[in-house]
Amino acid sequence: MGNKLKIMETAIRDGQQSLIATRMPMSDMAPILKTMDSAGYDAIECWGGATFDTCIRYLDEDPWERLRFFREMMPNTRLQMLLRGQNLLGYRHYADDLVDEFVKKSIENGIDNLRIFDALNDLRNVRAAVEAAKKYGAHVQLGMSYTIGEPYTLEYWEKLAHAMEEMGADSICVKDMAGLMVPSAATELISMLKEKVSVPIHLHSHCTSGTAPMTYYAAVQAGVDGIDTAISPFSGGTSQPATEVMVETFKGSDRDTGIDLEVLEKIADHFDGVRNRALESGLMSTKVLGTDIKTLIYQVPGGMLSNLISQLKDQNAEDKYMDVLREIPRVRNDLGMPPLVTPSSQIVGTQAVLNVLAGERYAMLSKETRELLLGKYGATTLPIDPELLKKVDADEIITCRPADLLEPELPGIEEEIKEYMIQEEDILTYGLYDKVAMEFFKRRSALADGVSPDAIDQENKAYPA
């Protein structure tokens, strides 16, 4: 084979998102960035996902400043972000003008690679982001939301991969966000993709179910071009396999990564301190560090499990946990068997909780379940249960690309925020998060005026599920 295995480091994005809810401040990253830049990573994932939201909601850090600082400190390494297609980094579909401008500014401020995906694998929902990324000169990596179940055959993935290639993907990522992929499935899927499509194939997984390191090994043997890993203090549990382990595993083989283990040791030493502080403060819960085999049995991502527990706790119904777990696959089937990733995982999980607590299935529909039934998130893999569809107005069901129904969003934003605006990018921050962004702008302005941010209204700080 002889092609170098590419490693993407996730510690400062998905690693910390998975283990400490993305609460790592810039001060914990800044001292080690230049060392990370010298390690020989193919890319470092540093932006996107939940990082943007938590920067303005909890950390009082400007995400655009953070990105520019990453670019300055790591000039020799490709910087990558995760983008949820038409959802960008938020929780709804945004209009095409906002998508185009957001992608443009992300690239201008330092992003080289965009990993773009849609929770339902509805490629209509990634088209605008892909076109923008191509237009502004970034590497487009399209992500397949990997899952298992009756419709998810090799033929399904082959058809999706061909469509992604035709759309202009420079590479394809198999995004196993729940850690559901076992080694034999990796061998089968990666071998097929390497044979059927010509673009590089990348694999992303989580250690939630305990299979990821073995799955990565099988995928590399099958010819995968790259894998996502996290430096050891931020690896394992609901995060990715450890970078050092994967580098050492293939050292001296024809898939040698070329990454310097001595440099990795320095990076690990730094993040060891960050991890210890996170454990001492309670920010890193031991719950996220273990293996949860329920992931494989119920096909539920780790983050979704903790969300369910907190929902049941709020209702004093923790004894219903196993009932909810058993209900999730049934709800998923009724809703067209979507992959379980944000936002579909929250929709299915919340509806399962409602069904169990009400003692009657679909006696209550969550707002998001109703929107899914109406086609507002896009097309599901299988048809939705016809009996369930009767609970919404058939005349309101849409079959077009959901964003086709949205009016342009950028006009007028500058006027709304002119009192607090200090950079063009603030328009995008407000476009994505309006109320939360305005609170952030007010605190930022107060800090600039020497006023304590504690004196500013702190509402809107609750983190959305």
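Draft legend 1. Examining the overall build of the chain more closely. Along its length, the chain carries 20 helices and eight strands. Against the 2.2 N^0.38 benchmark of 23 Å for 465 residues, the chain shows a C-alpha radius of gyration of 22 Å, consistent with a compact globule. Once the C-alpha set of the chain is aligned to its principal axes, its extents read approximately 60 × 60 × 45 Å. For the chain, the proportion of its 465 residues judged to be buried stands at 58%. The contacts of the chain with a sequence gap of at least 6 include a subset with a gap of at least 24, amounting to 75%. When the accessible surface of the chain is summed, it comes to about 18,600 Å², and 50% of that surface belongs to carbon and sulfur atoms.

Draft legend 2. Structural view of the sheet that holds strand 1 (residues 6–9). Reading around the circumference, 1-2-3-4-5-6-7-8 is the order of the eight strands in this closed barrel, with parallel pairing throughout. The sheet shows a mean angle of 30° between the axes of neighbouring strands, taken without regard to direction. As judged from the two bridges shared by strand 7 (residues 201–205) and strand 8 (residues 226–229), these two strands associate in the parallel manner. Its bridge partner lying in strand 8, H202 is registered against G226. The strands that helix 1 (residues 11–20) touches are strand 1, strand 2 (43–48), strand 3 (78–83) and strand 7; relative to strand 2, the one it contacts most, it runs at about 60°.

Draft legend 3. Layout of the packing of helix 15 (residues 321–334) against helix 16 (residues 344–358). As a packed pair, helix 15 and helix 16 sit with axes 8 Å apart at the nearest point and diverge in direction by 120°. Here helix 16 runs oblique to helix 15, going by the angle between their axes. In the crossing of helix 15 with helix 16, the sense of the turn from one axis to the other is right-handed. Where helix 15 abuts helix 16, its residues D323, V324, E327, I328, V331 and R332 lie against V348, Q351, A352, V353, N355 and V356. Broken down by class, the residue content of the contact of helix 15 with helix 16 amounts to seven nonpolar, two polar and three charged.

Draft legend 4. Representation of the pattern of salt bridges within the structure. A full pass over the atoms with the stated rule returns 27 salt bridges. Its salt-bridge partner being E409, residue R92 comes within 2.8 Å of it at the nearest N-O pair. Placement of the pair is R92 in the loop between strand 3 and helix 6 (96–108) and E409 in the loop between helix 18 (386–389) and helix 19 (413–417), with a sequence separation of 317 residues. Between R361 and E327 there is a salt bridge, and its shortest N-O distance comes to 2.8 Å. Taken together, the residues R361 in the loop between helix 16 and helix 17 (367–373) and E327 in helix 15 connect sequence positions 34 residues apart. Of the residues examined, E327 reaches a relative accessible area of 3% and is grouped as buried. Here the salt bridges share partners, and the residues they tie into one network are E327, R330, D334 and R361.

Draft legend 5. Spotlight on the state of the cysteines. Per the counting criterion, the structure on display carries zero disulfides. There is no disulfide at C55, and the cysteine sulfur nearest it, in C46, is 11 Å away. Judged by its relative accessible area of 1%, C55 is buried.

Draft legend 6. Quick peek at the pairing of strand 3. Most of strand 3 sits out of view: five of its six residues are buried. Chirality of the crossover, the property in question, places the unit of strand 3, helix 6 and strand 4 (residues 113–117) among those that are right-handed.

What counts, and at which threshold
- Residues numbered from 1 in each chain as written.
- Predicted model: local features only at pLDDT ≥ 70, side-chain atom pairs only at ≥ 80, totals over all residues.
- Heavy atoms only, no water.
- Helix = DSSP H or I, 4+ residues; strand = E, 2+ residues; numbered from the N terminus.
- Rg over C-alpha atoms; globule rule 2.2 N^0.38 Å.
- Buried < 20%, exposed > 50% of the residue type's maximum accessible area, 1.4 Å probe, protein only.
- Contact = heavy atoms within 4.5 Å.
- Areas by Shrake-Rupley, 256 points an atom, 1.4 Å probe, with all protein chains shown as cover.
- Pairing = 2+ DSSP bridges.
- Axes fitted to C-alpha atoms, helices over the stretch in contact; angles between N-to-C directions.
- Parallel < 35°, antiparallel > 145°, perpendicular 65-115°, else oblique.
- Left-handed = near helix turned anticlockwise from the far one by under 90°.
- Nonpolar A, V, L, I, M, F, W, Y, C, P; charged D, E, K, R; others polar.
- Salt bridge = Lys/Arg side-chain N within 4 Å of Asp/Glu carboxyl O.
- Disulfide = S-S within 2.5 Å.
- Right-handed = clockwise from strand over helix to strand, strands pointing away.

Nothing here speaks to function; it is geometry throughout.
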